[in-house]
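Overview (structure and organization)
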Amino acid sequence: FVDGIMTNTRKMHQVLVSLLPSDDLMDVFSRIFSYLDSKVPKILIDADLDEQVPFKFPASLEGKRRMVKEVEVMSKTLNKLPNVRPWDFGAMKFLERKLDLPSIEGNE
């Protein structure tokens, strides 16, 4: 899921970087990053609650940390795209709270 977001966002960036002026590119990706920051946790929560979807939040501490780490990797990868304004993603903190996981920031 997260890999697909990164792949498709990078593809969109490859197209738009050659078409848009720098300021417009930064604006577009700030909006995209803002959307992803709120939408990714919401999609995961909705999937966990939907009995028709075979996804459930991990129960183990290792699984919870892996899920947060995947979202962190996504945020770092997207922030490395050239000519975009880095976004202060809050999705990791939100998921840490949702999963009752102590913050692992700084323990990398």
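Here the structure is shown first, and the text comes after it.
Heads up: these notes are all about the structure in this document. This one's a predicted model, so the numbers in the text were calculated from it and none came from an experiment. (Residues numbered from 1 in each chain as written. Predicted model: local features only at pLDDT ≥ 70, side-chain atom pairs only at ≥ 80, totals over all residues. Heavy atoms only, no water.)

1. Structural notes on the side chain of D37
Quick reminder of the rule: Secondary structure elements are taken from DSSP: a helix is a run of H or I of four residues or more, a strand is a run of E of two residues or more, and numbering for both begins at the N terminus. Each residue gets one of three labels from its accessible area relative to the maximum for its type: buried under 20%, exposed over 50%, partly exposed in between, using a 1.4 Å probe on protein chains only. Counting rule for charge: Lys and Arg are taken as positive, Asp and Glu as negative, and neither His nor the chain ends is counted. Any Lys or Arg side-chain nitrogen found within 4 Å of a carboxyl oxygen on Asp or Glu counts as a salt bridge. Each polar contact in these results corresponds to two N or O atoms within 3.5 Å; when the atoms are within protein, one needs to be able to donate a hydrogen and the other to accept it, and residues that are neighboring in sequence are counted only if both atoms are side-chain atoms.
Inspection of the secondary structure assignment puts D37 in helix α2 (residues 22-49). Buried D37, no salt bridge; nearest opposite-charge side chain is R97, N-O distance 9.5 Å. One polar contact links the side chain of D37 to the main-chain amide nitrogen of G90, over a distance of 2.9 Å. A polar atom in the side chain of D37 sits 2.8 Å from the backbone nitrogen of A91.

2. Let's talk about the layout of surface pockets
Where we set the bar: Definitions used throughout: a 1 Å grid over protein atoms alone; a cavity as a set of points that fits a 1.4 Å probe which cannot get out; a pocket as an open set with protein on both sides within 12 Å along at least five of seven lines; a lining residue as one with an atom within 4 Å of a point. Grid points are joined across faces, edges and corners, and a volume is the space filled by probe spheres set on the points. Each residue receives one of three labels: charged for Asp, Glu, Lys and Arg, nonpolar for Ala, Val, Leu, Ile, Met, Phe, Trp, Tyr, Cys and Pro, and polar for the others, Gly being one of them.
The computed volume of the largest pocket comes to approximately 160 Å³. Contributing to the lining of the largest pocket are F1, V2, D3, M6, L44, G63, R66, M67, E70 and V71. When contributions to the lining of the largest pocket are tallied by element, the ones reaching two or more residues are α1 (2-19) and α3 (61-79). Per element, the largest residue contribution to the lining of the largest pocket is five residues, and it comes from α3. Across the lining of the largest pocket, the residue classes tally to six nonpolar, one polar and three charged.

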